[in-house]
Each structure stands twice: as C-alpha cells, then as structure tokens.
Amino acid sequence: MNIFEVLYNEVISFLGIGHVVEVVKSGDYSSLLTFNGILSVISPFIPFLLIIEIIRALVYKKFKIDDYRIPFFIFVANRFISRFISIAMVALCIGLFEKHSIFKTTFTWYWFIYGYIIWEFSHFIYHFLAHKVRILWCLHSTHHAPENMNLSVTYAHFFLEAPYADFIRTSICILLGVNAPMLFFIMFIDGTWGAFIHVGENVLKDARLGFLNKVILTPSHHRVHHARNVEYMDTNFCNLLNIWDKVFGTFKYEKKELPIEYGITRPMNPRNFWDVYFGEIYYLAKDVWHAPGIKNKFFYLIMPPGWSHTGEHKTARAEKRKLQEKLTVKQINEVQVAAEA
C-alpha cells in the first residue's frame, strides 16, 4: 500500500463516506435502505459541516489557521496511537459486565428512552469525574485547551480519554441493563450530537436553537461548559439531555452580559502541541514531586484541579466562592452608598 492510498483511505475514513463510496462503486443502492445504510449516510454530517465552517471562515476572511492547527495535529496523533483502543474497551466492558446486568432490555422504542437516560447519566458521571479528579482532568484538559470554539475541537482529545470514558459509560449502561446493540446506536447518536455542539460562531452565531435551549443541551450550553469564566466553570456536563445537570445542580445558561472566554485557567500556549497535549500531566508530575509526604502526593492525583497541600486552593469551587464573596461585598457597599445618598 503506497502513501497515496494510505492518505486516500484516511480521508475517506475521516469523512465517514467509506460505505457510500462502496455502494456507488457497486451500483447497488439497496443497502442504503437498511439500518446500517442509513447510519452510513448520516455519518458524514459532522465532517462536511466542519468543511463548510472552514469555507465560511475563508469567505468572510475570519479563518485563522491556529484555530484548527492543534486540533488537526491531535487528531493525526490519535489516529496513530489509538486507532482501535476505544472500540476494544467497549467490547471488553460488554463481555465483562453483560452477564451481571440487573435485568435485560430489548431494542424497542420504550427501552430506547430508558437506555438514553441511563447513557446520559453514565456520560455525566464520566464527564464530572474528568473535571473533579486531577489525574482524569489531565486526560480531558486537551479538549478544553483551544481558545476558540469550532468543530475541529471535537477531535481534540488525549488518546487515553476515550478508553477511560467508554469504560465508565459502557460499564454503567450494561450493568443497568441497556441492550448492547441499542447501546451502539445510542453511541452513534451521542457522538454525532456531541460533535455538532462544538459548531463555531461563524456557522451558528446564536447557538441557543430557540425553544430547544430549554429542552435539550444546545451548542450554547456546551460553549458555557468550555468557558474558563469562573461563573461558568464546571457546568453542563451532559451531552444531549440536560436532565442530570438539572438534577445535580450543574446546569447553567449562557448569559449575554457575560461573554465566554474559552480555554483553561492555567497559563499555556494553545498553539503548542506539547503544552496542549502533555502540559497538565507535566504540572501534575511537578506538584506530586514537590509535595511533602505520600498523603499529599496521593491527594494531588485525586483531588480537583487547583487543590493545594498549602490550603491555598484554586479549585472551581474555591474560585466561585471567592467570586460570590466579592459580589456580596459589592452589593453591601452599593446598599450603603444608596442609604447615605
């Protein structure tokens, strides 16, 4: 296989049009009417939307190569490092836990509703832990490093995050009885929507999607999730159904008066692949090395990002508390000024 054939196969794989190409070559279009055929037609939606996003940015002279360069490098690196590791983790969890499920479900519409609610719960658990356990944040921070939102961000992940996420999500779903074939279908829907909610502002300026903003998790909600603004930090962990964010109190609407600032709070170079990909791991290792005692070293691994053995915490919770205290003092001062006037 020569280099051009390899590149051709990679492009076809990225665009998700492999099955469609085979159908066109064979001339037999009947397979497109099957379930798998329908999925193969939907698969190219996000890659082509990304291309449209880039073309629009070029036409309106808003294209910045730095907004796409690092996510592209990460995507290429992950293709070499972990091509099959994620699907292997899903298969492993199904094999390990299916026999221990509390009950069995079938691939029907009513069990699909149940399955999606459970899937969203499992996604919430994985995503919440990825923000609250520092060693897991090291895997997830790569996805939050870009300082502009566009569809290429959906491809920016540390290679070990997918198997970790799929272990958590698949295990919970299988143990709670979600039918395995239905789980793969849910994963397909979730992956497609999960990519779409990263759509850039040059394609979708107001990402609230009208009335849907109150019903499902829209790109607007996910932009809030990617914000480093203190008020927005650690919110909107769900992917499509925001039910669990509302249950656990982590739901947050985008505020017009509070523009979103993308990226992570640590000073970093978002244009440096090594800093984006390995930066958090480096600083975690540095903190563990300098921490006094085994206990503190262990705590740096499992406590939230920003935790410090000195007590000078800069976690999201601590920063939000400081912000609230400042707002409270400001309100008191305003009341006093008004009373004196």
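Presented here is a report on the structure given in the accompanying data block. Just so you know, these numbers come straight off a predicted model, no measurement behind them.

Conventions we followed
In this numbering scheme, every chain counts its residues from 1 along its sequence in written order. Since the coordinates come from a predicted model, pLDDT governs what is reported: local features require at least 70, and pairs of side-chain atoms require 80 or more to be given and counted, while whole-chain, interface and lining totals use all residues. In computing side-chain values, all of the structure's heavy atoms are included and hydrogens and water are not. Here a strand is any run of E in DSSP of at least two residues, a helix any run of H or I of at least four, and the numbering for each starts at the N terminus. Throughout this description, buried means an accessible area under 20% of the type-specific maximum (1.4 Å probe, protein chains only), exposed means over 50%, and partly exposed covers the range between. Any two residues whose heavy atoms approach within 4.5 Å at even a single point are treated as in contact. Note on method: axes are straight lines fitted to C-alpha atoms, helices fitted across the in-contact stretch only, with angles between N-to-C directions ranging 0 to 180 degrees. Should an angle lie under 35 degrees it is considered roughly parallel, over 145 roughly antiparallel, and from 65 to 115 roughly perpendicular; all remaining angles are considered oblique. Rotating anticlockwise by less than a right angle from the far helix to the near helix defines a left-handed crossing, while the corresponding clockwise rotation defines a right-handed one. Three classes are used: nonpolar for Ala, Val, Leu, Ile, Met, Phe, Trp, Tyr, Cys and Pro, charged for Asp, Glu, Lys and Arg, and polar for all others, with Gly counted as polar. Pairs were defined over the aromatic rings of Phe, Tyr and Trp, the Trp ring being its six-membered one, requiring ring centres within 6.5 Å. Orientation was assigned from the angle between planes: stacked under 30 degrees, edge-to-face over 60, tilted for the rest. Buried residues of nine kinds, namely Ala, Val, Leu, Ile, Met, Phe, Trp, Tyr and Cys, make up a nonpolar core once their side-chain atoms join them within 4.5 Å.

Attention now moves to the overall build of the protein. Along the protein, the regular secondary structure elements total 15 helices and zero strands. Taken across its 341 residues, the protein has 43% of its residues classed as buried. Nonlocal contacts in the protein, meaning residues at least 24 apart in sequence, comprise 68% of its contacts between residues at least 6 apart.

Direction vectors running N to C along helix α13 (residues 273-290) and helix α14 (residues 293-302) enclose 160°, while the axes themselves pass 8 Å from each other. Relative to α14, the element α13 lies roughly antiparallel. α13 and α14 meet at a crossing whose hand is right-handed. In this structure, α13 contributes L284, D287, V288 and W289 to the contact, and α14 contributes K297, Y300 and L301. Per-class residue counts for the contact of α13 with α14 are five nonpolar, no polar and two charged.

Now for the packing of aromatic side chains. Throughout the structure, instances matching the rule amount to 28 aromatic pairs. Both rings, one in W244 and one in F248, keep their centres 6.1 Å apart while their planes meet at 25°; by these two values the pair is stacked. Pair noted here: W244 and F248 are both in helix α12 (residues 243-248), with a separation of four residues, about one helical turn. Looking at W244, the relative accessible area reads 17%, which means it is buried. Classification of F248 as partly exposed rests on a relative accessible area of 45%.

Tracing the backbone through its elements, the reader meets M268 in the loop between α12 and α13. Residues contacting M268, with those up to four places away along its chain left out, are A145, D275 and V276.

On to unusual backbone geometry, then. Look at D234: it is not a glycine, yet its phi comes out positive at around 55°. When you line up the elements, D234 lands in the loop between α11 (219-225) and α12. A relative accessible area of 15% means that D234 is categorised as buried. One non-glycine residue, N236, lies in the positive phi region at around 55°. Structurally, the position occupied by N236 is in the loop between α11 and α12. Taking relative accessible area as the criterion, N236 reaches 0% and is therefore assigned buried.

Looking at the element boundaries, S152 is found in the loop between α8 (134-144) and α9 (161-175). Classification of S152 by relative accessible area gives buried; the value is 5%. In this structure, the C-alpha to C-alpha distance between S152 and P47, residues 105 residues apart in sequence, is 9.0 Å. If we ignore the near neighbours within four places in the chain, the residues touching S152 are L50, E53, D67, Y68 and P71.

Turning next to the nonpolar core. If you look at the biggest cluster of nonpolar residues, it comprises 52 residues, and the most contacted ones within it are I74, W119, Y164 and L183. Elements represented by at least two residues in this core include exactly α4 (45-59), α5 (66-81), α6 (85-97), α7 (109-132), α8, α9, α10 (180-196) and α13. Counting residues per element, this core draws most heavily on α10, which supplies eight residues. Residue contacts for W119: discarding those within four places in its chain leaves R169, C173, L183, I186, M187 and D190. Core analysis: the second largest hydrophobic core is formed by seven residues, M149, V153, A227 and Y262 among them.

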